[in-house]
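These are the residues of each chain, in order.
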Amino acid sequence: IFKGMGQTVVPELIKSLDHVDPNIRSMAAYKMGTFPHTLKKVTLKLLRLLYDPHTGVQIMTIESLQKCGLDSLPQKDVRFMLKILMRGIRSSDRWFKATSVILIGPMGRRALPAIPMLKQTFLSILSQRLAIYAASSLAQIVPEGRKVLRQAVTHPNAKVRWMAFMALQRYASKGIPG
């Protein structure tokens, strides 16, 4: 629907944030994240979309808002974002669950309440891909999430040990302390 990705598409994206179709709203919210210089101008519109009744709209909005920088957002809305993502981790919807596990990591220490859920997702290894996403998110919650991963390096399951090591190594190589 949004074929051109130049600056000329921004006014159309902004209008689409109010579209009646939730698929168009979610795609518009997601695409707004590709224009970080414009995000500040539409932050209030995006914050309203957090409260949209459609999960897809909420998730795509969270992804774009994270690009604004969470410190610039009202804390009540950041807490609501965490609530949405924690609901996603508990969800039986595979897309909602996986996307929530991925997006919770960049929230950093704001995601402390989600550590037990991420730990359970990581250690259950019901899905190796989901466990890898959970390990990556845990590595971004410093230092508490990394403590879980350091403990997992001695886990009896070799896959758990490997995923914990890889997540810790990935963020250590980026120079992210913790």
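Our subject in this report is the structure included herewith. Note that the coordinates shown come from a computational prediction; the quantities given were computed from them, not determined experimentally.

Rules behind the numbers
Residues numbered from 1 in each chain as written. Predicted model: local features only at pLDDT ≥ 70, side-chain atom pairs only at ≥ 80, totals over all residues. Heavy atoms only, no water. Helix = DSSP H or I, 4+ residues; strand = E, 2+ residues; numbered from the N terminus. Rg over C-alpha atoms; globule rule 2.2 N^0.38 Å. Buried < 20%, exposed > 50% of the residue type's maximum accessible area, 1.4 Å probe, protein only. Contact = heavy atoms within 4.5 Å. Areas by Shrake-Rupley, 256 points an atom, 1.4 Å probe, with all protein chains shown as cover. Lys, Arg positive; Asp, Glu negative; His and termini not counted. Charge placed at Lys NZ, Arg CZ, Asp CG, Glu CD. Axes fitted to C-alpha atoms, helices over the stretch in contact; angles between N-to-C directions. Parallel < 35°, antiparallel > 145°, perpendicular 65-115°, else oblique. Left-handed = near helix turned anticlockwise from the far one by under 90°. Nonpolar A, V, L, I, M, F, W, Y, C, P; charged D, E, K, R; others polar. Salt bridge = Lys/Arg side-chain N within 4 Å of Asp/Glu carboxyl O. Expected span 1.5 Å × (residues − 1). Bend = angle between axes of the 7 residues up to and from the residue. 1 Å grid on protein atoms, 1.4 Å probe; cavity = no way out; pocket = protein on both sides within 12 Å on 5 of 7 lines; lining within 4 Å. Points joined across faces, edges and corners; volume = space filled by probe spheres on them. Core = buried A, V, L, I, M, F, W, Y, C linked by side-chain atoms within 4.5 Å.

## Details of the overall build of the protein
Item 1. Along the protein, the regular secondary structure elements total ten helices and zero strands.
Item 2. For the protein, the α and β elements follow one another from N to C terminus as α-α-α-α-α-α-α-α-α-α.
Item 3. The C-alpha atoms of the protein give 17 Å as radius of gyration, which agrees with the globular expectation for 178 residues (16 Å, within 12%).
Item 4. Overall, the C-alpha framework of the protein stretches about 55 × 35 × 30 Å when taken along its three principal axes.
Item 5. A total of 178 residues make up the protein; the buried ones form 47% of that total.
Item 6. Of the contacts made within the protein by residues no fewer than 6 positions apart, 58% connect residues no fewer than 24 positions apart.
Item 7. Within the structure as shown, the protein displays about 9300 Å² of accessible surface, and the carbon and sulfur contribution to it stands at 59%.
Item 8. Distance between charge centres in the protein, computed from 27 positive and 9 negative side chains, equals 9 Å.

## Description of the packing of helix H4 (residues 55-68) against helix H5 (residues 75-90)
Item 1. Running from amino to carboxyl end, H4 crosses H5 at an angle of 130°, the nearest separation of the two axes being 11 Å. Accordingly, the angle class assigned to the pair H4 and H5 is oblique. Like other packed secondary-structure pairs, H4 and H5 cross with a definite hand, here left-handed. Only Phe-80, Met-81, Ile-84, Leu-85 and Arg-87 of H5 make contact with H4, whose side of the interface consists of Thr-55, Gln-58, Ile-59, Ile-62, Leu-65 and Gln-66.
Item 2. In the contact of H4 with H5, the residues fall into seven nonpolar, three polar and one charged.

## So, the pattern of salt bridges
One side chain can pair with another of opposite charge once the charged atoms of both are near each other.
Item 1. Under the criterion given, the structure shown has six salt bridges.
Item 2. Between Glu-144 and Arg-109 there is a salt bridge, with the nearest N and O atoms lying 2.4 Å from each other. Residue Glu-144 is found in helix H9 (residues 144-152), and its partner Arg-109 is found in the loop between helix H6 (94-104) and helix H7 (115-124); the two are separated by 35 residues along the sequence.

## Some words on H4
Item 1. Between its terminal C-alpha atoms H4 stretches 20 Å, which fits the 20 Å expected from 14 residues at 1.5 Å a residue.
Item 2. When you tally the buried positions in H4, you get ten out of 14 residues, the bulk of the element.
Item 3. By the burial criterion, the buried members of H4 are Val-57, Gln-58, Ile-59, Met-60, Thr-61, Ile-62, Ser-64, Leu-65, Gln-66 and Cys-68.
Item 4. The secondary structure elements touched by the buried residues of H4 are helix H2 (22-32), helix H3 (36-49), H5 and H6.
Item 5. Positive phi appears at Gly-69, one or two residues downstream of H4, with a value of about 100°.

## Describing H3
Item 1. In the structure, H3 departs most strongly from a straight axis at Val-42, where the bend amounts to approximately 70°.
Item 2. Taken together, the buried positions of H3 are Thr-38, Leu-39, Val-42, Thr-43, Leu-46, Leu-47 and Leu-49.
Item 3. For H3, the secondary structure elements touched by its buried residues are helix H1 (10-16), H2, H4 and H5.

## Observations regarding the packing of helix H8 (residues 128-140) against H9
Item 1. The contact between H8 and H9 brings their axes to 5 Å, and the two run at 130°. Compared by their axis directions, H8 and H9 come out oblique. In this structure, H8 contributes Ala-135, Leu-138 and Ala-139 to the contact, and H9 contributes Gly-145, Arg-146, Val-148 and Leu-149.
Item 2. Counted by class, the contact of H8 with H9 contains five nonpolar, one polar and one charged residues.

## Brief notes about the layout of surface pockets
Item 1. Each pocket or cavity is described by its volume, and for the largest pocket that value is around 230 Å³.
Item 2. Elements with a minimum of two residues in the lining of the largest pocket: H5, H7 and H8.
Item 3. Residue composition of the lining of the largest pocket, grouped by class: six nonpolar, four polar and two charged.

## Quick look at unusual backbone geometry
Item 1. Between Val-142 and the following residue, Pro-143, the backbone shows a cis peptide bond with an omega angle of -5°.
Item 2. Within the secondary structure, Pro-143 is located in the loop between H8 and H9.

## Re the nonpolar core
Item 1. Residues Ile-104, Phe-122 and Leu-149 are the most contacted members of the largest nonpolar core, which totals 58 residues.
Item 2. Examining the composition of this core, we find that seven residues originate from one element, H5, more than from any other.

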